Each structure stands twice: as C-alpha cells, then as structure tokens.
Amino acid sequence: MKKHEGKCACGNVEYCFEGDPIDTAFCYCHECQIHTGSDKWFGIWVPAETFKFTKGMPSTFTRKGDSGKEMHHKFCGECGSTLAIDVTVGNFYSVAASTLTKGEFSPNMAIYTASAPKWAVFPEGVPKFDVLPPDMGG
Ligand SMILES: [Zn+2]
Ligand SMILES: [Zn+2]
C-alpha cells in the first residue's frame, strides 16, 4: 500500500497514512477560513485507522462541528501548523494537503461553498455543495 508522509513547518511533528484517500475536499466553512487564513482548507480525508503521528506530539484544539460531534485539530505547539483534523463523526482524519511532503492530490469536491468569502477561488470541473453532499447529510 502506498505510504504518504507529511510534517509541520518546523519539522517537530511528522505523520503518515497508507492507501488512497476517501475524498479530497476544498472546505470553505468559516472555521477553515480562520484556521488557514485563506478562503479554504484542502483536506485529504483518510480513514482514522490508516493515519498516525510518527514524530513528536501535536497539541490539540477541540471544537464542535456542525454535527454536534467533536473535531480535534492537531497542530504543532512550536510552529502552529495544523497537520490534520480528527473528524470524529465520520471516523476520518482531514489531513492538511499543504503539509504533505509530496503534493500529489487534487480536490474532488468543494464543500460549504455557501460560507465562502466573495473573493474565494473555486476549483473547476468538480462538484460544489452549499454545505455537504446529500449522502453526507447536506
Ligand atoms: Zn512545527
Ligand atoms: Zn471547513
């Protein structure tokens, strides 16, 4: 199985996951805008059991998602980079594509586009959802 690796800006925290992602999504929700300082978060969604931290211990910021279930943001306490979000409602990690050592993924959908700022840039040729796709409760 293919192994993917990534790390934070200072290199104190590293992670890896194996195999193909479930989804690769641009998320335009307001929380993601705050966390990235941009119009979106590019999340590589991987099953929780395939993801692990391999070096260092990330700090955790926990918030409630739309579902009411907790989202644990894993970030480096030294440089502040967010590496991944533990999305407990779906039992997956949304890995920050920007922290991957090899940037080989493209988005397959855009979600929460109704919350996007008016200067947002949307990907071409992929479905856009105001919130979530219908099969995810959108
Ligand atoms: Zn760091
Ligand atoms: Zn979001």
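Fair warning: this is a prediction, and the values are worked out from it, not measured in the lab.

Engineer: Got a sec to walk through the sheet that holds strand β5 (residues 51-55)? Specific residues and values, please.
Structural biologist: One open sheet holds the three strands; their spatial order is β1-β2-β5, and the pairing between them is antiparallel. Strand pairing shows two members of the sheet lacking a second neighbour, β1 (3-7) and β5, which therefore form its edges. Sheet twist, expressed as the mean angle between neighbouring strand axes with direction ignored, is 25°. As paired strands, β1 and strand β2 (residues 14-18) are joined by five bridges and run antiparallel to one another. Paired with Glu5 across the bridge in β2 is Cys16.

Engineer: An account of the coordination of the zinc ion (ligand 1) is requested, with residue identities and associated values reported.
Structural biologist: At 2.3 to 2.4 Å from the zinc ion (ligand 1) lie its protein donor atoms, namely Cys8 (SG), Cys10 (SG), Cys76 (SG) and Cys79 (SG). Read N to C, the donor residues that coordinate the zinc ion (ligand 1) are spaced as C-x1-C-x65-C-x2-C. Of the two residues, Cys10 sits in the loop between β1 and β2 while Cys79 sits in the loop between β7 (70-75) and β8 (82-87), which places them 69 residues apart along the sequence. A relative accessible area of 32% means that Cys79 is categorised as partly exposed.

Cut-off values and rules
Residues numbered from 1 in each chain as written. Chains lettered and ligands numbered in written order. Predicted model: local features only at pLDDT ≥ 70, side-chain atom pairs only at ≥ 80, totals over all residues. Heavy atoms only, no water. Pairing = 2+ DSSP bridges. Helix = DSSP H or I, 4+ residues; strand = E, 2+ residues; numbered from the N terminus. Axes fitted to C-alpha atoms, helices over the stretch in contact; angles between N-to-C directions. Donors = N, O, S within 2.8 Å, 3.2 Å for Na, K, Ca; no water. Buried < 20%, exposed > 50% of the residue type's maximum accessible area, 1.4 Å probe, protein only.

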